[in-house]
Amino acid sequence: MFALFLKAYRDLTKRRIRSLLTIGAIAIGVGGVVAIVSTAQNLTVAQSAAYYNASQADITFWVWDAPPATVRALAELSNVTQAELRNNYFTRCKWNGEYRDVYVWGLDSFSDARINQIKVLGRVPQAGEFVAEATVAHLFPVEVGDSIACRARDGSIRNLTLAGFAASPNYPTATILNFATVYALADDVQRLLGIGGANQLLLKINDPAQARDTARDAAKLLDRRGIDHNSPEIRDPENFMGKRELDALFVLLFVFSIVGLATSGFLVANTLAAMTTEQVGEIGTLKAIGGTRGQVLTIYVIAATMYGIAGTIIGIALGAVASWQLLGYVGGLLNLEVGLALSPQAVALGAVVGVGVTVLAGLLPSFAATAIRVKDALEAYGINSTYGQGWSDRAVQRVVALPPLAAMSLRNLARRKTRSLITILVIAVAVAASLAAQSTSTSVDASIDGLFQTYRADAWAWFDQWVGSNFAANFRAAEGIQAVEVWTLSDAWVGTSRARLWGVPADTALYIPRLVAGRWYNAGESDAVVVSTDLAQERSLRVGDTIGVEISRERRDFRIVGITIDNSIFLGSTVAGKVFMPEDVVERMQNRQGWATFFALAFDGHDPATVEKRLGELSTRFKRYQLGSDSAYREVQGAKEQSRILSLALYVMSLIIGAIGALGVLNTLTLNVLERRREIGVLRAIGATNANLIQVFLTEGLALGLGGWVVGLLGGYPLGLFLVNLMQSVLFHIDYVFSPAMVLASLIFALGIAIIASLAPALGAARLRVGQVLRYE
């Protein structure tokens, strides 16, 4: 056995460049698997630790002017382990000369907070000061000592000074949210709100299974004390902020890693096929002196195993580095402190996959090569004696329209059909991955644009107090307002699933549903609802089914009359989907007929500048009501920012697979140069120049690239569709987009990697001298 091992080792070291290329391809595939598994496990641990350390609230209520004594009463409720009050206020503040959206949070004591804790990075703010969430600096320039002027609820301006920064796992980064989160003392925020109590209630509970019962008990207590409140938000412990997006990211990375490993397997098969072809004479000699087929096969299995072990070791190291980088990036987006701990499961899986795929890939060419008879092996020389007899050989020989050197290049590829075919398949996989990355990324962006085109509203406005539904007339009287509708946006329960409830008029002109089944509800239908496709999938719902919808402790049964594509719920969402019902029905369920807080607005211009101008004018016009607002274009920008990490992962992985494809071309052409050194010498002897030799091998590379592109086109469309369906299962409805521009980009990609990979072998061939190569044995 040792002799067999030594023979395999010598074979690998004899062709160092080929071995390094093969090991590198294996390392890339293994590194991807290790990085993905390790990153997923580390992020899960970090997210759990962040929630534990920050003690995230299990139940959250919006309340109005709740006195401090409320906490003591709530803490006595069964299943409640901790209760705290907060203040929060979303406003616009002038910061460094520009108006910014700012979410201000107020705490009675930073040190005594036990729920939704933050970590102050430096000095705790005093009266009239605040600390900014650290990533605000990524959104716009900030520094300690900045003074901001914030509009209070009564229209007055109050100044606060930046005392430092804070970190919190409660929110993603400011670049994701597109607004600044800051923390101040509760007294300062209460002055902005114009109240003496709190407007948020946070509860920690002992048993999450009883969360809804506990929320009902808390709501009843608030009712008895005459404290206004909304429906509670109940945290799902298994569905943390950004989980859907991370699931989509890991699905994509896992698929691309499998593709990368499969491509690496092709390269291993190609390398061992070349090795056995070169050593046909040695195989014959070994058999002639008594070596069995099993012993000869063992040599090449050992060689494949050594490739796998070397590639796996390097791949684990690469995976650790990639995981560290990925953890830093994703952890930074989610405001998590993530430590690097290489997962034992990731290492084990990488080792099994790396060595296993390599050995399996090497078995086929090794088994085929060792089947050769002794006589055939000893008589074999160079090209197979059947060259020119097959239909493909004859087809290539008929190529007369090309220049002589280009035609010779094509015929050269036909001499090693298996090697050329494997290389074309490797490039095809890279092309398919590139097409899939392009189509998936474009499909996500197009679907986001399409989701918000459903909304004909340019913006939404709300108040922190009830106003009459006829307040819509005040909006219509403002300049530039084309349409106004009273809507409702609230949380609801559909069975055991939390959903987003939209109260929209039956005759709405500001919402255009994209129905996939059924119809929109009609005016006067008090028992009809339309649900989104993701909620229908979550609950296995169909048109005609009856569902129970619970809003503000009021539960009613409704009949589903339609299912629409509207899944515009992004990072941080824990709801299963949307329920649409007539606005007047929601008002009756919430016992607020004729009252509203939420309005959909359409302006005379839809560009960002006009939208911001109109919202600014409305804010000034209705300053005594403290108008809150958001625009459709901001939602689109935020959604695309959230999907940016997915697009980045797609393109990075496609480039990695492209690199493996380039290694395949490099490997093939390097072998071709080594095998045809005598032919190169003959060409040199009859006057071939450096440029002629470079042209020969560049043409071979381009032919391989073009062939891989053609085959890759066949796989790119279904692979992209497969990825879109995978992402759709964890994100939202995605319309598949596959355009001619992507096909052209994939052609440039295929030819680009072929040219880059062909340069080194072509230049190497040009450097060979006549005397050197004609003496080659």
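The paragraphs below set out a description of the structure included in this document. Because the structure is a prediction, the values reported are computed rather than measured.

Remarks on the overall build of the chain
Within the chain, the regular secondary structure consists of 24 helices and 20 strands. Taking all 777 residues of the chain together, the buried fraction comes to 54%. In the chain, the share of contacts with a sequence separation of at least 24, taken over all contacts with a separation of at least 6, comes to 82%. About 32,700 Å² of surface is accessible on the chain, with carbon and sulfur atoms providing 59% of the total.

Let's talk about helix α6 (residues 186-193)
Three or four residues apart is the spacing at which side chains of an α-helix point the same way, because the helix has 3.6 residues per turn. Of all eight residues that make up α6, six are buried, and the element is covered over most of its length. For α6, the complete set of buried residues consists of A186, D188, V189, Q190, L192 and L193. Among the residues trailing α6, G194 stands out with phi positive, at a value near 80°.

Describing the pattern of salt bridges
If you walk through the whole model with that rule in mind, you get 17 salt bridges. The partner of R100 in a salt bridge is E98, with the nearest N and O atoms 3.7 Å apart. Here R100 falls in the buried class, since its relative accessible area comes to 17%. Taking relative accessible area as the criterion, E98 reaches 46% and is therefore assigned partly exposed. Close ionic contact of R191 with D188 constitutes a salt bridge, the shortest N to O distance being 2.9 Å. One end of the pair is R191 and the other is D188, both in helix α6 and three residues apart, which spans about a single turn. Given the relative accessible area of 43%, R191 is considered partly exposed.

A closer look at the nonpolar core
Judged by nonpolar contacts, the single largest core of 36 residues is most densely connected at F256, I427, V431, L650, I657, L723 and I753. Breaking this core down by element, the ones donating at least two residues are α8 (243-278), α15 (417-453), α20 (632-675), α22 (690-730) and α23 (740-767). Counting residues per element, this core draws most heavily on α15, at twelve residues. With 24 residues, the next largest nonpolar core counts C93, V136, L162 and L193 among its residues.

Examining the state of the cysteines
Counting across every chain of the model gives one disulfide. There is a disulfide in this structure between C93 and C150, and the S-S distance comes to 2.0 Å. As the torsion about the S-S bond is roughly 105°, the C93-C150 disulfide counts as right-handed. Within this pair, whereas C93 is found in strand β2 (residues 80-95), its partner C150 is found in strand β6 (residues 147-151), the two being separated by 57 residues in sequence. Side by side, C93 and C150 carry an identical accessibility label, which is buried.

Let's talk about the pairing of strand β3 (residues 98-107)
Of all ten residues in β3, seven are buried; the element is thus mostly enclosed. If you look at the hairpin formed by β2 and β3, you'll find two residues sitting between the two strands, and N96 has a positive phi there, around 55°. Where β3 meets strand β8 (residues 180-185), six bridges bridge the pair, whose relative direction is parallel. Opposite W105, over in β8, you have Y183 as the bridge partner.

Regarding a positive patch on the surface
Positive charge collects at one region of the surface, where R72, K220, R224 and R225 lie side by side. As for its position among the elements, R72 is in helix α3 (residues 69-75). On the accessibility criterion, R72 (58% relative accessible area) is exposed.

Details of the environment of M653
Inspection of the secondary structure puts M653 in helix α20. Look at M653 and you get buried, because its relative accessible area is 9%. A C-alpha to C-alpha distance of 9.9 Å links M653 and F254, two positions 399 residues apart in sequence.

Considerations on the side chain of E550
Examined against the element boundaries, E550 turns out to sit in strand β16 (residues 546-551). Within the structure, E550 has its side chain in polar contact with the side chain of R212 (distance 2.8 Å). Those residues in contact with E550, other than ones at most four positions away along the chain, are R212, R216, A492, W493 and R555.

Describing a nonpolar patch on the surface
Judged by side-chain polarity, L702, I755, L759 and L763 come together as a nonpolar surface patch covering roughly 300 Å² of accessible area. Among the elements that line the nonpolar patch, the one with the most residues is α23, at three residues. The residue L759 is located in helix α23 in this model. For L759, a relative accessible area of 39% gives the class partly exposed.

Observations regarding unusual backbone geometry
Unlike most non-glycine residues, N96 shows phi in positive territory, near 55°. N96 gets classed as partly exposed once you look at its relative accessible area, which sits at 43%.

A word on the packing of aromatic side chains
Aromatic rings in a pair are described by how distant their centres are and how their planes are angled relative to each other. Inspection of every chain in the model, using the stated rule, returns 26 aromatic pairs. Relative to F598, the ring of W502 has its centre 6.4 Å away and its plane inclined at 75°; by these criteria the two rings are edge-to-face. Here W502 is found in strand β13 (residues 497-503), whereas its partner F598 is found in strand β19 (residues 595-603), with 96 residues between them in sequence. On the accessibility criterion, W502 (8% relative accessible area) is buried. Residue F598 is classed as buried on the basis of its relative accessible area of 9%. Look at Y736 and F738: their rings are 6.3 Å apart centre to centre, the planes differ by 45°, and that puts the pair in the tilted class. Overall, the relative accessible area of 27% leaves F738 in the partly exposed class. An aromatic cluster is built from Y455, W460, W462, W487, W502, Y511, W520, Y521, F580 and F598, whose rings are joined through pairwise contacts. A cation over a ring is seen here: R100 above F140, with NZ or CZ 4.1 Å from the ring centre. One Lys or Arg, R212, reaches over the ring of W493 and ends 4.3 Å from the middle of that ring.

Description of the environment of V259
Looking at the element boundaries, V259 is found in helix α8. C-alpha separation for the pair V259 and A433, spaced 174 residues apart in sequence, amounts to 8.1 Å. Setting aside anything within four residues of it in sequence, one finds V259 in contact with V429 and I657.

Comments concerning the environment of R191
For the pair formed by R191 and R153, sequence separation is 38 residues and the distance between their alpha carbons is 8.6 Å. With near-sequence residues (within four places) excluded, R191 lies in contact with A152 and R158.

Quick notes on the pairing of strand β15 (residues 528-532)
Within β15, five of the five residues are buried, which leaves the element mostly enclosed by the surrounding structure. By the alternation rule, side chains of β15 split into A528, V530 and S532 and V529 and V531, which are all buried. Summarising the sheet, β15 and strand β17 (residues 554-564) pair through five bridges and their orientation is parallel. Note on β17: the bridge partner recorded for V530 is G562. Pairing geometry for β15 and strand β18 (residues 578-581), over two bridges, is antiparallel. Bridged to V530 within β18 is F580.

A few points about the side chain of S532
If you trace the backbone, S532 turns up in strand β15. A polar contact of 2.4 Å, which involves the side chain of S532, links it to the side chain of D534.

Parameters at a glance
Residues numbered from 1 in each chain as written. Predicted model: local features only at pLDDT ≥ 70, side-chain atom pairs only at ≥ 80, totals over all residues. Heavy atoms only, no water. Helix = DSSP H or I, 4+ residues; strand = E, 2+ residues; numbered from the N terminus. Buried < 20%, exposed > 50% of the residue type's maximum accessible area, 1.4 Å probe, protein only. Contact = heavy atoms within 4.5 Å. Areas by Shrake-Rupley, 256 points an atom, 1.4 Å probe, with all protein chains shown as cover. Salt bridge = Lys/Arg side-chain N within 4 Å of Asp/Glu carboxyl O. Core = buried A, V, L, I, M, F, W, Y, C linked by side-chain atoms within 4.5 Å. Disulfide = S-S within 2.5 Å. Pairing = 2+ DSSP bridges. Patch = residues over 30% accessible without salt bridge, like charges linked within 9 Å, V, L, I, M, F, W, Y side chains within 5 Å. Lys, Arg positive; Asp, Glu negative; His and termini not counted. Charge placed at Lys NZ, Arg CZ, Asp CG, Glu CD. Polar contact = N/O pair within 3.5 Å; in protein donor to acceptor, adjacent residues only side chain to side chain. Phe/Tyr/Trp six-rings, centres within 6.5 Å; stacked < 30°, edge-to-face > 60°. Lys NZ or Arg CZ within 6 Å of the ring centre and 35° of its normal.

Without other data, these values stay purely geometric and don't point to any function.
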